[in-house]
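# Summary of structural features
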Amino acid sequence: MLPKIRTPEHRTMITLEVLANTTTSPNFTTLTLGGPELEHLDHGGHDQAVRLFFPREGQDRLRMPTSSGNAWMAELLLLPKTRRPWVRNYTIRRRRPGSGEVDVEFALHEDAPAADWARRARPGDPAGIFDIGVSYLPPDDVRHQLLVGDESAVPAILAILEHAPDDLRADVVLEVPETADIRPDVTAPPGARVRWVARDGSGDVPGVLALAAAKEWSPGPGRGYAWVAGESKLATGLRRHLVQEHGMPKQDIAFFGYWRHGRSSPG
């Protein structure tokens, strides 16, 4: 069973530019993007995901697809790589509609095209987005939640917590590369218990520590809901554990393998 994603009815390609590049912590940076076309981005939810388009190193401009719907990918693949932009999925960390700005936070993985671009991006550089939708969709009758992610999912989970209702009851596990990446000022409802785990050069594959910590969770009475994202084995491993050990219905677990350790996605 595939996890649910609520996709907006009307979507359009949106061309923006980098307004600022801010170091968030040793292994994270935040790009502020803006431009007049941002008015075409509807607010879908607090883990709103977008396709992020950015130029390859050496390209003199960003060539965005002109098609929307499902046709944009075919159009993109027809371009030679010398003209084709990179495209990756990212979550909008914050939106400021009054200022025409959005923030996108990047985990700075090594040898990753998006991270390499984020390191060198400067104000005025072009970027583009295409709305994907939201995946954090807890049912109305949920009593307790489990939110888990490695560094690639930290921006989405922090955005969820910042806008969660005051009565949210959730256990949250966030894994980061270093203790210095832990955010001391997380905004979250009082019923959200946030636990950070850091690899700190342990050599563990990303997601292993988060999975171990999340397995300590015991669901309370009533219906539960889990949202887990990050390295693929973290997502699938936790889903399997919740189903087998706690009898959690599969439809109450949203899981997303954002990436796979040791494998870079094709361009």
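Analysis parameters
- Residues numbered from 1 in each chain as written.
- Predicted model: local features only at pLDDT ≥ 70, side-chain atom pairs only at ≥ 80, totals over all residues.
- Heavy atoms only, no water.
- Helix = DSSP H or I, 4+ residues; strand = E, 2+ residues; numbered from the N terminus.
- Buried < 20%, exposed > 50% of the residue type's maximum accessible area, 1.4 Å probe, protein only.
- Pairing = 2+ DSSP bridges.
- Axes fitted to C-alpha atoms, helices over the stretch in contact; angles between N-to-C directions.
- Contact = heavy atoms within 4.5 Å.
- Phe/Tyr/Trp six-rings, centres within 6.5 Å; stacked < 30°, edge-to-face > 60°.
- Lys NZ or Arg CZ within 6 Å of the ring centre and 35° of its normal.

### A few points about the environment of glycine 201
- Tracing the backbone through its elements, the reader meets glycine 201 in the loop between strand E9 (192-198) and helix H4 (208-214).
- In sequence terms glycine 201 and glutamate 178 are 23 residues apart; their C-alpha atoms lie 7.6 Å from each other.

### With respect to the pairing of strand E5 (residues 101-107)
- In terms of residue burial, E5 counts as a mostly covered element, since six of its seven residues are buried.
- Note that strand E2 (residues 28-34) and E5 share seven bridges and pair antiparallel. Paired with leucine 33 across the strands is valine 102, a residue of E5.
- Looking at chain direction, strand E4 (residues 86-96) and E5 are connected through four bridges and run antiparallel. Of the residues in E5, the one forming a bridge with arginine 94 is aspartate 103.
- What sits between E4 and E5 in their antiparallel hairpin is a turn of four residues, with glycine 100 showing a positive phi close to 65°.

### A few points about the sheet that holds strand E11 (residues 253-259)
- Pairing in this open sheet of five strands is parallel, and the strands run E9-E8-E7-E10-E11 from one edge to the other. Of all strands in the sheet, those bounded by a partner on one side alone are E9 and E11. Across the sheet, the mean angle from the axis of one strand to that of its neighbour is 10°, orientation sign disregarded.
- Taken together, the six bridges between strand E7 (residues 144-149) and strand E10 (residues 224-231) define a ladder with parallel strand orientation. In the sheet register, valine 148 faces E10, and the bridge partner there is valine 228.
- Its contacts with the sheet place helix H3 (residues 154-162) against E7, strand E8 (170-176), E9, E10 and E11, and it is angled at close to 150° to E8.

### Here we look at the packing of aromatic side chains
- With the rule as written, the count across this model stands at seven aromatic pairs.
- Between phenylalanine 54 and tryptophan 117, the ring centres sit 5.0 Å apart and the planes meet at 25°, which makes this aromatic pair stacked. Placement of the pair is phenylalanine 54 in strand E3 (residues 49-54) and tryptophan 117 in helix H2 (residues 113-120), with a sequence separation of 63 residues. Across the pair, exposure class does not vary: phenylalanine 54 and tryptophan 117 are buried alike.
- Each ring, one from tyrosine 136 and one from tyrosine 225, has its centre 5.9 Å from the other, and the planes form 70°; the classification is edge-to-face. Taken together, the positions of tyrosine 136 in the loop between strand E6 (126-133) and E7 and tyrosine 225 in strand E10 put the pair 89 residues apart, joining distant regions of the chain.
- What makes tyrosine 136 buried here is its relative accessible area of 17%.
- The buried category is assigned to tyrosine 225, whose relative accessible area is 3%.
- Clustering of aromatic rings is evident, with ring pairs tying together Phe54, Tyr90, Phe106 and Trp117.
- Above the ring of tryptophan 86, the side-chain terminus of arginine 56 is found at 3.9 Å from the ring centroid.

### Section: the pairing of E7
- Counting buried positions over the six residues of E7 gives six, a clear majority of the element.
- Side-chain alternation along E7 places His144, Leu146 and Val148 on one buried face and Gln145, Leu147 and Gly149 on a second face that is also buried.
- Both E7 and E8 contribute to a ladder of five bridges, which runs parallel. Paired with glutamine 145 across the two strands is alanine 170, which belongs to E8.

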